[in-house]
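These are the residues of each chain, in order.
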Protein chains: 2
Amino acid sequence: MSSYKDKKVISIGTVNELTGLSVRQIRYYEERELIFPERTKRGTRKYSFADIETLMKIADKREEGVQTYEIKRDMANDNKDHMIEQMLRGQLNAHFRLNK
Amino acid sequence: MSSYKDKKVISIGTVNELTGLSVRQIRYYEERELIFPERTKRGTRKYSFADIETLMKIADKREEGVQTYEIKRDMANDNKDHMIEQMLRGQLNAHFRLNK
DNA sequence: CGTGTAAGGAATTCTGACACG
DNA sequence: CGTGTAAGGAATTCTGACACG
């Protein structure tokens, strides 16, 4: 389930190259709690490929003029939707033994 | 086929943390042509998760006392085996239309 | 609100070399 | 052969702040 995609190993300069977003923007989106990089002992931010995909989506939304707090709200809702779906799926499977 | 696993985005310090190998060792294995990191414009080495797995294997071999040129030879052979298998599989499939 | 920039410091990475073995 | 280390320079990253709007 968690693999390379979620390992936080990419430094901010590389994220800048991969996403085209400025270092300032990347740090700002963290300040607004849209992304959550890890920190090395020294304090350097480390990002995952999943973070990079999130940043790409954020970039798109921003281009459409969507504000950061709205993006954050939407992402939270998307997450809820996903969790609810997972729980329902689990309940259904438990009930009908669809899996295994 | 190529995805996150092969993207060269990890700097040598992080590779050190992930593999336990010293920075000196990581650079040396490149000198011996066991691994091939990419370089950023500035010259910084960038590694993929695949490189990290290769380095882990190298570390195991080295612990067994295997020398770098032997490791290199073995890796080349493993690659040949893999290519031959792929070609045979392709020929067989073309002949018997096993796929799609 | 979102992003640019100059500021100063601390840690990273690079190469070539000497050392030991 | 494989790895450690000190050396000097160049680029990275960090934070807090001022700027514009």
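All of these numbers come straight from a predicted model, not from anything done at the bench. (Residues numbered from 1 in each chain as written. Chains lettered and ligands numbered in written order. Predicted model: local features only at pLDDT ≥ 70, side-chain atom pairs only at ≥ 80, totals over all residues. Heavy atoms only, no water.)

(A) The arrangement of the overall build of chain A in detail. Along chain A, the regular secondary structure elements total four helices and three strands. Taken from N to C terminus, the helices and strands of chain A fall in the order β-α-α-β-β-α-α. Relative to the globule expectation of 13 Å for 100 residues, the C-alpha radius of gyration of chain A, 17 Å, shows a markedly less compact shape. Judged by the C-alpha coordinates and their principal axes, chain A covers about 50 × 35 × 20 Å. The 100 residues of chain A split such that 30% are buried. If you take every contact in chain A between residues at least 6 apart in sequence, the share linking residues at least 24 apart comes to 59%. In the form shown here, chain A has an accessible surface area of approximately 7,200 Å², with 51% of it arising from carbon and sulfur atoms. For chain A, the separation between the mean place of its 20 positive charges and that of its 16 negative charges on side chains is 6 Å. (Helix = DSSP H or I, 4+ residues; strand = E, 2+ residues; numbered from the N terminus. Rg over C-alpha atoms; globule rule 2.2 N^0.38 Å. Buried < 20%, exposed > 50% of the residue type's maximum accessible area, 1.4 Å probe, protein only. Contact = heavy atoms within 4.5 Å. Areas by Shrake-Rupley, 256 points an atom, 1.4 Å probe, with all protein chains shown as cover. Lys, Arg positive; Asp, Glu negative; His and termini not counted. Charge placed at Lys NZ, Arg CZ, Asp CG, Glu CD.)

(B) Highlighting the relation of the copies chain A and chain B. Between chain A and chain B, the superposition needs a rotation of 180 degrees and an axial shift of 0.1 Å, giving an RMSD of 0.1 Å. With respect to symmetry, the two chain copies, as superposed, fit the operation of a two-fold axis. In terms of C-alpha distance to the rotation axis, chain A has Ile10(A) as its closest residue, with the C-alpha 2.9 Å off the axis. In this assembly the copies share their binding face: 100% of the residues contributing to the interface of chain A also contribute to that of chain B. (Least-squares fit on C-alpha atoms with pLDDT ≥ 70 in both.)

(C) How the structure looks around the packing of aromatic side chains. Enumeration according to the criterion identifies five aromatic pairs over all chains in this entry. Each residue in the set Tyr4(A), Phe49(A), Tyr4(B) and Phe49(B) is aromatic and connected to the rest through ring pairs, giving one cluster. (Phe/Tyr/Trp six-rings, centres within 6.5 Å; stacked < 30°, edge-to-face > 60°.)

(D) Just the protein's contact with DNA strand C, in detail. The local shell around DNA strand C holds 20 residues, among which Ser22(A), Arg32(A), Arg42(A), Thr68(A) and Arg45(B) are the closest. Each atom of DNA strand C within 4 Å of the protein was assigned to sugar, phosphate or base; sugar and phosphate come to 71%. Take Gln25(A): an N or O atom from its side chain is 3.0 Å from a phosphate oxygen of DNA strand C. Within the side chain of Arg45(B), an N or O atom sits 2.4 Å from a phosphate oxygen of DNA strand C. By residue number, the principal contributor to the surface near DNA strand C is helix α2 (residues 23–31) of chain A, which donates four residues. Its residues assigned to classes, the surface near DNA strand C comprises three nonpolar, eight polar and nine charged. (Near = heavy atom within 4 Å. Polar contact = N/O pair within 3.5 Å; in protein donor to acceptor, adjacent residues only side chain to side chain. Nonpolar A, V, L, I, M, F, W, Y, C, P; charged D, E, K, R; others polar.)

(E) Spotlight on the pattern of salt bridges. Residues and elements named next belong to chain B. In the structure shown here, the tally under the stated rule is 16 salt bridges over all chains. One salt bridge connects Glu 30 with Arg 39, and the closest N-O pair in it is separated by 3.5 Å. Given a relative accessible area of 18%, Glu 30 falls into the buried group. Across the salt bridge formed by Lys 72 and Glu 33, the nearest N and O atoms sit 3.0 Å from each other. (Salt bridge = Lys/Arg side-chain N within 4 Å of Asp/Glu carboxyl O.)

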